[in-house]
Structure formats: C-alpha cells, structure tokens
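Observations on the model geometry
As a plain string of letters, each chain reads:
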Amino acid sequence: MKRDRRLSGVLHVLLHMAEQDTPVTSEVLAKAMDTNPVVIRRIMAGLRDQGYVRSEKGHGGGWTLACDLSKVSLHDIYSALGSPSLLAIGNRTESPDCLVEQAVNAALHQAFHDAERLLLSRLGEVTLAMLNADLHNRLIARGDLHDHLDNVHAS
C-alpha cells in the first residue's frame, strides 16, 4: 500500500505560510514541496473549504492562513484532507470463510483500531502553533532565526 504523505506535506506548507506576511502562490508552495502547483491548489482548496486558508486572485495574490494556529490541531488538518488511511497494513481478506483467518482478523482489527484511536488522539493534542513554536526553537538552536526572519520578510 502506498503511503499517503499529504498530511506531512500540508503541515510543511502551512508552516511556510505562517512565516509569510504576504500571500504565497501555489507555484512557490509547490517548489517548497517538490510537487506540481495543481496538486497544491487541489489540497489547498479543501483547506479553504474548511476555513483554514484563503486565496486571493490576481497580481499579488496567493494563499494566506485564515485561522488562529493555536486553535487548529493536526487532527483538524487530517480531517480536512478527508481522513486518509492512517495505517499501511490491513487484513489479507475482509470476510474470510476460514476460521483461522477470522481469528487473525479479529486480533488485528482490535490492534488497528487501538493504534488509530491513539494516533488520532495525539493528532488532536498538537496544534499548528505548537509546530510553529518548535520550528522557531530549532531555528534559535541552530542560530538561524534572524536569517530566517530576514528571508521571510524579503520574500
């Protein structure tokens, strides 16, 4: 099963946007994510529908944050992406006739359920503001905060 990397990518984009004073184009965001601007626009449209970002058309337009980072959790963003599958493993067959397979599925189903519940709970505890604070702490630790802020304001 292919891994869905949209949540990680969207969080990356949102943190970049949080550092900007002006709208950011899909092209700039796509370059930061090494993807196509069409992919960015599709993902961002879903976030816009949920009120997390807004878009401005025309010269000087682009995407801006429309939310309070301290009020938006990773779970909120995960949900805005359509709640993609969290686990890349699953049962061999969903409705087996074999009793052995039924026993295996029952055990795995409970384990998968417990793992997903724990992960979703953790996603609900972490806000975008917490991620942004972690980014700034990492920049300070590396001695890059002033350079980073100068680059942001020059963009």
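Residues numbered from 1 in each chain as written. Predicted model: local features only at pLDDT ≥ 70, side-chain atom pairs only at ≥ 80, totals over all residues. Heavy atoms only, no water.

1. Description of the layout of surface pockets
Rules: The distinction between a cavity and a pocket rests on a 1 Å grid over the protein atoms alone: a 1.4 Å probe fits inside a cavity but cannot get out, while a pocket stays open yet meets protein on both sides within 12 Å along at least five of seven lines, and a residue with an atom within 4 Å of a point counts as lining. Grid points are joined across faces, edges and corners, and a volume is the space filled by probe spheres set on the points. Counting from the N terminus, the helices are the DSSP runs of H or I reaching at least four residues and the strands are the DSSP runs of E reaching at least two. Here the term charged refers only to Asp, Glu, Lys and Arg, the term nonpolar to Ala, Val, Leu, Ile, Met, Phe, Trp, Tyr, Cys and Pro, and the term polar to all other amino acids, Gly among them.
Here the largest pocket is characterised by a volume of approximately 280 Å³. In terms of lining residues, the largest pocket is bounded by 14 residues, among which Arg3, Asp4, Ser85, Leu86 and Leu87 are the most central. Looking at the lining of the largest pocket, the elements with two or more residues in it are α1 (6-18) and α5 (99-125). Partitioned by chemical class, the residues of the lining of the largest pocket number 9 nonpolar, 1 polar and 4 charged.

2. With respect to the side chain of serine 73
Quick note on the threshold: Here, two residues are considered to be in contact whenever any of their heavy atoms come within 4.5 Å of each other.
Position of serine 73 relative to the elements: it lies in the loop between β2 (62-65) and α4 (74-80). With sequence-adjacent residues up to four places away left out, serine 73 is seen in contact with Leu123, Gly124, Val126 and Thr127.

3. Side note on the nonpolar core
How we decide: Here, nonpolar core means buried Ala, Val, Leu, Ile, Met, Phe, Trp, Tyr and Cys residues that are tied together by side-chain atoms lying within 4.5 Å of each other. Between buried and exposed lies partly exposed: a residue is buried under 20% and exposed over 50% of the maximum accessible area for its type, with that area taken using a 1.4 Å probe on protein chains only.
Within the largest apolar cluster, 28 residues are counted, with the highest numbers of intra-cluster contacts made by Leu14, Met17, Met44, Leu47 and Ile77. Of all elements in the fold, only α1, α2 (26-33), α3 (37-49), β2 and α4 reach the threshold of two or more residues within this core. Of all the elements, α1 adds the most residues to this core, at 6 residues. Setting aside residues no more than four positions away along its own chain, isoleucine 77 makes contact with Leu7, Val10, Leu11, Leu14, Leu47, Tyr52, Val72 and Leu128.

4. As for a nonpolar patch on the surface
Note the threshold: To count toward a patch, a residue needs a relative accessible area over 30% and no salt bridge; like charges are then connected within 9 Å, while nonpolar side chains (Val, Leu, Ile, Met, Phe, Trp, Tyr) are connected within 5 Å. What sets the accessible areas is the Shrake-Rupley method with a 1.4 Å probe; for residues, cover comes only from the shown protein chains. By definition here, a salt bridge exists when the distance from a side-chain nitrogen of Lys or Arg to a carboxyl oxygen of Asp or Glu is within 4 Å.
On the surface, Val100, Val104 and Leu108 cluster together to form a nonpolar patch covering roughly 230 Å² of accessible area. Within the fold, valine 100 resides in helix α5. The exposed category is assigned to valine 100, whose relative accessible area is 59%.

5. Quick notes on unusual backbone geometry
Phi angles above zero are rare outside glycine, and aspartate 34 is one such case at about 55°. On the secondary structure map, aspartate 34 appears in the loop between α2 and α3. With a relative accessible area of 73%, aspartate 34 lands in the exposed category. Unusually for a residue other than glycine, serine 83 sits at a positive phi of about 50°.

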